[in-house]
Amino acid sequence: MTLFSSSMTLRAATPISDAEFKELRDFIYQRSGIWVDEKRKYLFENRFHKRLATLGLKSFDEYVKLLKFDPRSAEEMKTLWEIITTNETSFFRDIKQLESFQKVILGEVLAEQRKKGKLELNIWSAGCSSGEEPYTLAMLISESLGLELPKWKVLISAVDLSPAMIAKAKEATYGDYAFKTTTEEQKKKFFVPEGANFKVKPELARMVSFQQMNLNDDAAVRRVPKSQIVFCRNVIIYFDDAMRTKVARAFYDNLLSGGYLLLGHSETLHKISTAFRPKFIPGAMAYRKD
Amino acid sequence: MALIQTHEVKPGMVLAADVLSKDGRVLFTAGAVLEPWHVQVLKTLGVAGVEIAEIEAVVTPDQAADYTRAAFLYVNPDHPAMQTLFEIAAERVLRRATRGWVLPDVATRQARNVEHLSDVFGPGQASPEEIVQHETELASFPDLYFRLKEMLDSPKSSAKRIADLISGDVGLSAKLLRLVNSPIYAPVSPVDSVARAVTLIGTNELATLALGITAINYFQDIPPELIDMPTFWRHSLTCAVLAMILARRQGLPPERFFTAGLLHDVGRLLLFKKLPYASTEAMIHARENFLPLFEAERILLEFDHTDVSKVLLAEWKFPEAMAQAINFHHDPMCAADPQSGATLHLADIMANAVGIADGGMYAVPDLDPAAWDELNMQPTELHSLIVEFDAQFEKTLAAFL
Ligand SMILES: C[S@@+](CC[C@H](N)C(=O)[O-])C[C@H]1O[C@@H](n2cnc3c(N)ncnc32)[C@H](O)[C@@H]1O
């Protein structure tokens, strides 16, 4: 006996042929460096099903043609990035890493700048999603600098592939989900309530500058201001080794000497790059450009 | 709530109050979704009418189907067995929703704070061998396990010796007796001693169950904040009961499959102990990307929980036939005996599908079509298998808690 009045089918989407899948996958890879495994074919069918319907397209082949050759392509790319990226993030994510970063790395970098008499700090947050990570960094910096803060010129350049995420980040307003790894204390200290949500305090938000950017776009990447610190957490897991090597190189080129790269909890430069000197900090690994 | 005459009661309606028999016993409890057989019983017993809940359709069949489909995004939608499992899973989701279950939204499905947890090893620092070694150096495995294992290996061990050994452990014998009295064995009269349990189900069979319980108990003390342990045990036991039912149909030794099912994710337990933060990240990655957990583990750790169980079970000298089924449940055709591998493979997939309506949040792993062919089953058999499972599971779970 069934509660369903009619039978339902598991397949709810237009099938994608192997050839179509390969074409779309290769297109995405060439543009963004994001590598989609064959096993995610059905997910693709499902994800793009609605999009195809909205665009009035009958097959994936037509969709790829639109992306490649149609005048609407530039506009459609924005939606494409939205569909294929996953943007999981939260404030103070991986607090163990952040605490050691603040104590060891940030401490060292700030001291170095003071010694040089250059009260400037540039940070690049690559793959910043909806902004929680770069804002968290602004919070850690303001905590470390305390009353000294007004004397410093701090710039956090935060970039992400997804235009939707960048737009959300610029608003600086967040609901419960963003705070799942945040204590009440941190929330009180760095945010102001706004209806049911919370907004990043303006003096912190001011440190961060957001921009839509593709890490596979060499020219754009070269325009990012040279930094003392690069954060690229939970982004390179979506890339293949060639793309990982490429971005590691870009981070190396962007860093000033004595600067540090920090990756996500489970990510390493093992097999990717030997240019950096790995440095253990409690709960994490930092990569130094000597 | 409304009083409905029995001849107007229809399957799918939900009871608002307990239904009592003439002598005052509870026949059906409030909240039950009526099925045709309920209606039949009401008619046969001459119950005049029942209180029916006026439940608003908070969840439509389409929503239930979509919710369920989201867990099936990793599987081949054109495989008939997966289609059937999808129907089974969606039915359970809708059924539970009619009883008031609110489908979890994306945010609640992903929220979890484990920021206070530290891994024993840094990123890229631990191989399955090092993880297992770290554990075996710290703690010794229960002596009882090795004595059971010895007896299982020796053709000479008598029923009496095994019964004595098990009886010596009060906790173990109590649990075994509850299990033997549960619906998975459904004895005609209650079994009240280990000696009788041995006569009923066999010496090796009982020792096999005892071995599995002893092994899994080793992990009983995992702190609850590490992982939602009730959900973990529920999945393990679901897999155990399904594997046992499948084994009986295949003419394979049921106890071996119950034990293998119980331990099929044992590698994950060790991962939780050693890499709590990384395994939580793997769970988050799996949910975010609609991947089965083992795939997310492979991406983040570069190995998965079966790579850990391979080393762990070898270290424990776990009986090879069961170890093979456990270690290859995601890769069944590579097991030394593909039929065993396939049996546990299907049991795990079914357990994942059934688990969706229990709040399970991970993508159902895909069915290896060769494994399915190996089992020589018809997709429709999956329905009857689930009926059998439902008749046995809750009471077996109670026996285990
Ligand atoms: C899982 S989020 C990580 C967010 C944050 N860094 C954190 O760790 O919480 C990954 C982000 O990487 C971005 N991303 C993926 N490929 C990219 C590319 N080629 N260029 C820029 N950003 C990319 C995605 O849009 C997504 O927002």
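Residues numbered from 1 in each chain as written. Chains lettered and ligands numbered in written order. Predicted model: local features only at pLDDT ≥ 70, side-chain atom pairs only at ≥ 80, totals over all residues. Heavy atoms only, no water.

S.K.: Account for helix α20 (residues 381-400) of chain B, with residues named and values stated.
M.R.: All names here are of chain B. The end-to-end C-alpha distance of α20, which contains 20 residues, comes to 27 Å, matching closely the 28 Å that a straight helix rising 1.5 Å per residue would cover. Within α20, the axis deviates most sharply at Phe 393, by approximately 35 degrees. Buried within α20 we find Leu 382, Leu 385, Ile 386, Phe 389, Gln 392, Phe 393, Thr 396, Leu 397, Ala 399 and Phe 400. (Helix = DSSP H or I, 4+ residues; strand = E, 2+ residues; numbered from the N terminus. Expected span 1.5 Å × (residues − 1). Bend = angle between axes of the 7 residues up to and from the residue. Buried < 20%, exposed > 50% of the residue type's maximum accessible area, 1.4 Å probe, protein only.)

S.K.: Give a description of the packing of helix α6 (residues 143-153) of chain B against helix α7 (residues 159-167) of chain B that names residues and reports values.
M.R.: Geometry of a packed helix pair, given as the angle between the helix axes and the separation of the axes. Residues and elements named next belong to chain B. Running from amino to carboxyl end, α6 crosses α7 at an angle of 170 degrees, the nearest separation of the two axes being 11 Å. Taken together, the axes of α6 and α7 lie roughly antiparallel to each other. Contacts between α6 and α7 pair Leu 144, Arg 147, Leu 148 and Met 151 from the former with Arg 161, Ile 162, Leu 165 and Ile 166 from the latter. (Axes fitted to C-alpha atoms, helices over the stretch in contact; angles between N-to-C directions. Parallel < 35°, antiparallel > 145°, perpendicular 65-115°, else oblique. Contact = heavy atoms within 4.5 Å.)

S.K.: Help me get a handle on the domain arrangement of chain B, residues and values and all.
M.R.: Each domain of chain B was delimited in the assignment, giving domain 1 (2-52), domain 2 (59-141 + 223-401) and domain 3 (144-217). The C-alpha centroid of domain 3 of chain B is placed 41 Å from the C-alpha centroid of domain 1 of chain B. (Domains from an automatic or database assignment.)

S.K.: Lay out the nonpolar core in plain terms, naming residues and giving numbers.
M.R.: If you look at the biggest cluster of nonpolar residues, it comprises 133 residues, and the most contacted ones within it are Phe72(B), Phe258(B) and Trp316(B). Ranked by residue count, the leading element in this core is helix α11 (residues 229-250) of chain B, at 13 residues. Residues contacting Trp316(B), with those up to four places away along its chain left out, are Phe141(B), Tyr145(B), Phe146(B), Ala215(B), Tyr218(B), Phe219(B) and Val266(B). The next biggest cluster of nonpolar side chains, apart from the first, holds 46 residues, and it includes Ile16(A), Cys232(A), Val247(A) and Leu269(A). (Core = buried A, V, L, I, M, F, W, Y, C linked by side-chain atoms within 4.5 Å.)

S.K.: Any details on the sheet that holds strand β5 (residues 197-200) of chain A? Residues and values, ideally.
M.R.: All names here are of chain A. Read across the sheet, three strands follow the order β3-β5-β4 without closing on themselves; strand pairing throughout is antiparallel. Pairing within the sheet leaves two strands with one partner each, and these edge strands are β3 (173-174) and β4 (191-194). As defined by bridge partners, β4 adjoins β5 across four bridges and the pair is classed as antiparallel. What sits directly across from Pro 193, in β5, is Phe 198. (Pairing = 2+ DSSP bridges.)

S.K.: Residue-level account of the packing of aromatic side chains, with values.
M.R.: The description of two aromatic rings rests on the distance between their centres and on the angle between their planes. What the rule picks out here adds up to 31 aromatic pairs over all chains. Residues Tyr145(B) and Phe146(B) carry aromatic rings whose centres are separated by 5.1 Å and whose planes lie at 90 degrees to one another, so their mutual orientation is edge-to-face. For Tyr145(B), a relative accessible area of 0% puts it in the buried group. Ring pairing ties together the aromatic residues Phe91(A), Tyr135(A), Tyr174(A), Phe179(A), Phe191(A), Phe198(A) and Phe210(A), which thus form one cluster. Above the ring of Tyr185(B), the side-chain terminus of Arg248(B) is found at 5.6 Å from the ring centroid. Lying across the ring of Phe328(B), Lys310(B) places its NZ or CZ 5.0 Å from the centre. (Phe/Tyr/Trp six-rings, centres within 6.5 Å; stacked < 30°, edge-to-face > 60°. Lys NZ or Arg CZ within 6 Å of the ring centre and 35° of its normal.)

S.K.: So, the pairing of strand β4 (residues 49-52) of chain B: which residues are in play, and what are the values?
M.R.: Every other side chain in a regular strand lies on the same face of the sheet, so the side chains alternate between the two faces. All names here are of chain B. Of the two faces of β4, the one holding Val 50 and Ile 52 is buried and the one holding Gly 49 and Glu 51 is not buried anywhere. Pairing of strand β1 (residues 2-5) with β4 involves four bridges; the strand directions are antiparallel. Each residue of the ladder has a partner; that of Gln 5, found in β4, is Gly 49.

S.K.: With reference to specific residues and values, describe the site of the ligand.
M.R.: Residues and elements named next belong to chain A. Around the ligand, a shell composed of 20 residues is seen, among which Thr 89, Gly 127, Glu 133, Asp 160 and Asn 234 lie nearest. Gly 127 is positioned with one of its backbone polar atoms (N or O) 2.9 Å from a nitrogen atom of the ligand. Within the backbone of Leu 215, an N or O atom sits 2.9 Å from a nitrogen atom of the ligand. In isolation the ligand exposes 600 Å². Once the protein is present, 99% of that is buried. Class assignment of the residues belonging to the shell around the ligand gives a composition of six nonpolar, nine polar and five charged. Domain assignment of the residues forming the shell around the ligand places at least three in each of domain 1 (2-86) and domain 2 (95-288). (Near = heavy atom within 4 Å. Polar contact = N/O pair within 3.5 Å; in protein donor to acceptor, adjacent residues only side chain to side chain. Areas by Shrake-Rupley, 256 points an atom, 1.4 Å probe, with all protein chains shown as cover. Nonpolar A, V, L, I, M, F, W, Y, C, P; charged D, E, K, R; others polar.)

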